[in-house]
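As a plain string of letters, each chain reads:
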Amino acid sequence: MTTSTKLGNKPNKYAVTNISISDKPNLKGDWLNIFILLLLYTLQGLQLGLTSAIPILLQSNKNVSYQDQAVFSLVMWPYTLKLLWAPLVDAIYVKKIGRRKSWLIPVQYIMGSFFLYIANDINNLLPETGKPNIEKLVYVFFVATFLVATQDIVVDGWALTMLKKNNVGYASMCNTTGLAIGSMIGSVWFTLLTSKDFCNKYLRAKPDTEGIVTMEQLLYVWGIVFMFITTLIAIFKNEKDCSLEDDHVKLDTFQNYRLLWDVCKLPSIQTFAIALFTVKVGFAATDSVSPLKLIDAGVSKDDMMIINTSIIAAKIILPLVIARYTSGPKPMSIYLKATLIKLLWNIAFIMLIYYTPKLIKINGAINIPIYYYVILVIILSIQEILNYTMFVALLAFYSKISDPRFGGTYMTLLNTLSNLGNAWSSLTVLGIVDLLTFKECSFDSKNNCSSPDLQKRCITDGGECVVTVNGYYIEMVLCTIFGILWYGIFKNILKNLQMKCPSQWLVNYAKQPITKNVFTVTVT
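On a predicted model such as this, the values are computed, not experimentally measured, just so you know.

Asker: Could you clarify how one ought to interpret the overall build of the protein in this entry?
Answerer: Along the protein, the regular secondary structure elements total 20 helices and six strands. With 524 residues in all, the protein has 53% of them scored as buried. When contacts within the protein are restricted to residue pairs at least 6 apart in sequence, those whose partners lie at least 24 apart make up 82%. Approximately 24300 Å² of the protein is accessible, and the part contributed by carbon and sulfur atoms is 64%.

Asker: It is not clear to me how the state of the cysteines should be interpreted in this structure. Could you clarify?
Answerer: Defined simply, a disulfide is a covalent bond joining two cysteines at their sulfur atoms. Under the counting rule described, the total for this entry stands at two disulfides. Between the sulfur of Cys441 and that of Cys458 lies a disulfide, 2.1 Å long from S to S. On the sign convention where negative is left-handed, the bridge of Cys441 and Cys458, at about 85° about the S-S bond, is right-handed. Separated by 17 residues along the polypeptide, Cys441 in strand 5 (residues 438–441) and Cys458 in helix 19 (residues 452–460) bring together distant segments of the chain. Take Cys441: its relative accessible area is 3%, and that puts it in the buried class.

Asker: What should I look at first to understand the pattern of salt bridges in this one?
Answerer: Pairing is possible between side chains of opposite charge, provided their charged atoms come close. Using the criterion set out here, one finds five salt bridges in the structure. Salt-bridge contacts for Asp152 lead to Lys82; the nearest nitrogen and oxygen are separated by 2.2 Å. With Asp152 in helix 6 (residues 134–162) and Lys82 in the loop between helix 3 (77–81) and helix 4 (86–91), this residue pair connects regions lying 70 residues apart in the sequence. Each member of the pair Asp152 and Lys82 is classed as buried. Residue Lys342 pairs with Asp287 through a salt bridge whose shortest N-O separation is 3.1 Å. You can see Lys342 sitting in helix 16 (residues 331–360) and its partner Asp287 sitting in helix 12 (residues 284–288), a full 55 residues away along the chain.

Asker: Can you help me understand the environment of Pro132 in this one?
Answerer: Among the structural elements, Pro132 can be located in the loop between helix 5 (101–125) and helix 6. Residues Pro132 and Leu58, 74 residues apart in the sequence, show an inter-C-alpha distance of 7.7 Å.

Asker: Before we go on, may I ask you to explain the packing of aromatic side chains in this structure?
Answerer: Note on aromatic pairs: each is described by the distance of the centres and the angle between the planes. If you walk through the whole model with that rule in mind, you get 16 aromatic pairs. Seen from their ring centres, Phe115 and Phe226 are 5.3 Å apart, and the 40° between their planes marks the pair as tilted. With Phe115 in helix 5 and Phe226 in helix 9 (residues 215–236), this residue pair connects regions lying 111 residues apart in the sequence. Of the two residues examined, Phe115 and Phe226, each falls in the buried class. Ring plane angle 90° and centroid distance 5.0 Å describe the contact between Tyr354 and Tyr355, whose orientation is recorded as edge-to-face. Using a relative accessible area of 40% as the deciding quantity, one classes Tyr355 as partly exposed. Every member of this aromatic cluster is reached through a ring pair, and the members are Phe115, Phe190, Trp222 and Phe226. A cation sits over an aromatic face here: Lys342 above Phe283, 4.4 Å from the ring centre.

Asker: How should the nonpolar core be read in this particular structure?
Answerer: Across soluble globular proteins, you tend to see nonpolar side chains buried next to one another. Grouped together as the largest cluster of nonpolar side chains are 97 residues, with contacts concentrated most on Phe190, Leu219 and Trp222. Per-element accounting of this core gives the leading share, 15 residues, to helix 6. In this structure, Leu276, Leu394, Leu395 and Tyr487 belong to the second largest nonpolar core, which totals 39 residues.

Asker: Is there a simple way to think about a nonpolar patch on the surface in this case?
Answerer: Among the surface-exposed residues, Phe228, Leu232, Ile235 and Phe236 lie close enough to one another that they form a single nonpolar patch of about 460 Å² accessible area. Structurally, Phe236 is set in helix 9.

Asker: How do you make sense of the packing of helix 11 (residues 267–279) against helix 20 (residues 471–498) when you look at a structure like this?
Answerer: Packed helix pairs are characterised by how far apart their axes lie and by the angle those axes make with each other. The N-to-C vectors of helix 11 and helix 20 enclose an angle of 150°; their axes lie 10 Å apart at closest approach. Relative to helix 20, the element helix 11 lies roughly antiparallel. Once helix 11 is placed against helix 20, the crossing between them reads as left-handed. Every residue of helix 20 that contacts helix 11 at Ser268, Thr271, Phe272, Ile274, Ala275, Thr278 and Val279 is listed here: Phe482, Trp486, Phe490, Ile493, Leu494 and Leu497. Each residue belonging to the contact of helix 11 with helix 20 can be placed in one class, and the counts come to ten nonpolar, three polar and no charged.

Asker: Help me understand the environment of Pro291 in this model?
Answerer: In this structure, Pro291 sits in helix 13 (residues 290–297). Separated by ten residues in sequence, Pro291 and Lys301 have C-alpha atoms that sit 9.6 Å apart. Not counting residues within four places of it along the chain, the set of residues in contact with Pro291 comprises Thr286 and Met304.

Asker: Help me understand the packing of helix 14 (residues 301–310) against helix 17 (residues 370–401) in this model?
Answerer: As a packed pair, helix 14 and helix 17 sit with axes 10 Å apart at the nearest point and diverge in direction by 55°. As judged from the angle between their axes, helix 14 and helix 17 are oblique. Along this stretch, helix 14 crosses helix 17, giving a crossing that reads as right-handed. Contacts between helix 14 and helix 17 involve Asp303, Ile307 and Ser310 from the former and Tyr373, Leu376, Val377 and Leu380 from the latter. For the contact of helix 14 with helix 17, the per-class residue count stands at five nonpolar, one polar and one charged.

Asker: I tried to follow the environment of Lys337 on my own but got confused; where do I start?
Answerer: The residue Lys337 is located in helix 16 in this model. The exposure class of Lys337 is exposed, given its relative accessible area of 59%. A sequence separation of 154 residues divides Lys337 from Lys491, and the C-alpha atoms of the two residues are 9.4 Å apart.

Asker: I tried to follow the confidence of the model for the protein on my own but got confused; where do I start?
Answerer: Averaged over all residues, the pLDDT of the protein equals 81, while 87% of them reach at least 70. Strand 1 (residues 6–7) is the least confidently modelled element of the protein, averaging 34 in pLDDT, while helix 20 averages 94, the highest of any element. In this model, residues 1–22 is a region of pLDDT below 50 whose contacts with residues beyond four sequence positions or in other chains number 48 contacts. Of the regions scoring below 50 in pLDDT, residues 509–524 engages in 28 contacts with residues more than four places distant in sequence or in other chains.

Each value, and the rule that gives it
- Residues numbered from 1 in each chain as written.
- Predicted model: local features only at pLDDT ≥ 70, side-chain atom pairs only at ≥ 80, totals over all residues.
- Heavy atoms only, no water.
- Helix = DSSP H or I, 4+ residues; strand = E, 2+ residues; numbered from the N terminus.
- Buried < 20%, exposed > 50% of the residue type's maximum accessible area, 1.4 Å probe, protein only.
- Contact = heavy atoms within 4.5 Å.
- Areas by Shrake-Rupley, 256 points an atom, 1.4 Å probe, with all protein chains shown as cover.
- Disulfide = S-S within 2.5 Å.
- Salt bridge = Lys/Arg side-chain N within 4 Å of Asp/Glu carboxyl O.
- Phe/Tyr/Trp six-rings, centres within 6.5 Å; stacked < 30°, edge-to-face > 60°.
- Lys NZ or Arg CZ within 6 Å of the ring centre and 35° of its normal.
- Core = buried A, V, L, I, M, F, W, Y, C linked by side-chain atoms within 4.5 Å.
- Patch = residues over 30% accessible without salt bridge, like charges linked within 9 Å, V, L, I, M, F, W, Y side chains within 5 Å.
- Axes fitted to C-alpha atoms, helices over the stretch in contact; angles between N-to-C directions.
- Parallel < 35°, antiparallel > 145°, perpendicular 65-115°, else oblique.
- Left-handed = near helix turned anticlockwise from the far one by under 90°.
- Nonpolar A, V, L, I, M, F, W, Y, C, P; charged D, E, K, R; others polar.
- pLDDT = per-residue confidence, 0-100.

Here it is, written out as structure tokens:
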């Protein structure tokens, strides 16, 4: 599609040029750019992996409730709300440094410095005994997530111009593979290499009182690595000057926010937004509550991290395989197939959580058999395959419909819609699971163990609080029903959206009447 608007004899700088979403990919000349994007997304995954490890560490501390977990989940909201400052990132930069490097370099230096700060205070944030300071944890990791969300805006936008236009579908592969590698380092290494029990069992000949590294040491190393890689990119990676291209558009901050509003008014975006905002409800209980229920049942945090490590190869290789299919013209067809399978896979998690206490406990003592680990690895592996299939397909679709002239803002809008759907559904299921759970004291049926005082009284009397209605199962059933209804409603809608003309996703500034050399921009 090509449109042109003129002011007198001058071409309108808002003109939309030909953009195709079906050109055949060819990675020749783009391999170095692929590596750089993988590296940048790995750095992003490092911080996100660290953040994702905190709930598991908190749940292993028996003083933490599901309400505390819901409060900590607020730290991911900057990732959800990054749309608010994405237009600033797109509009404000130093041309001599580069549109994306103007933000990437200082943000990653600050991220490295923040790792050093967390390292210095980690023993106060996560004490070995006693209840962690949830409020301080939320504050610290909220700021850290704000920084990594800003880095994500920059890298998503840079990917659209760093890669050739016919290769932008591979940006999703770089995203998912890099995040998988970074998340493994940030979560698995942080949990296992600092764990006394894991290191004594698997990595040492003689037992010791702590892991082979401390949390403080690991965070210091990550901070230095961040700064070193950022320095290399600042010196050796030149950014493409898109201002030399015919379709380059330079917008100020106000125009970027106006553009964002205009994009939101597009019918295709509005329909897609509803789908993204609601799709995660079907998996909310499975993704957010199931891992915590496994820990409650007796599966240790170390075991959970070992299992995550065992399937990390699939997380890294899978996006490379899926990219062959999602880089084509119909990535949402793959997304829909994975969505339906994942909804049905909820049943496997219901059975897993129900039978776990029966399979791993013998006479009240935890003794996990080998076959249980096999079952757990299979279920979690299939879950990860489905997660990554959906993620890669969705990002490939984002890359194809986003206007590269406003890449950071457009990509961030789409990611925000998806993240917002995940954030509100996760917060909801974590917040109400205790409210849907009913207990009573084994020695006193009138004691419903609804408060810490009642629970303490029950234990003092020699009893224990027994769950009569488990809110987890109620949530799982409700979420699955909602997800199946969602699939029935949006299946054909999303298939039709991916076949729409590229112009349906672009803001088209039409020609306006000219009065005294002043023009008004409108959207059609």
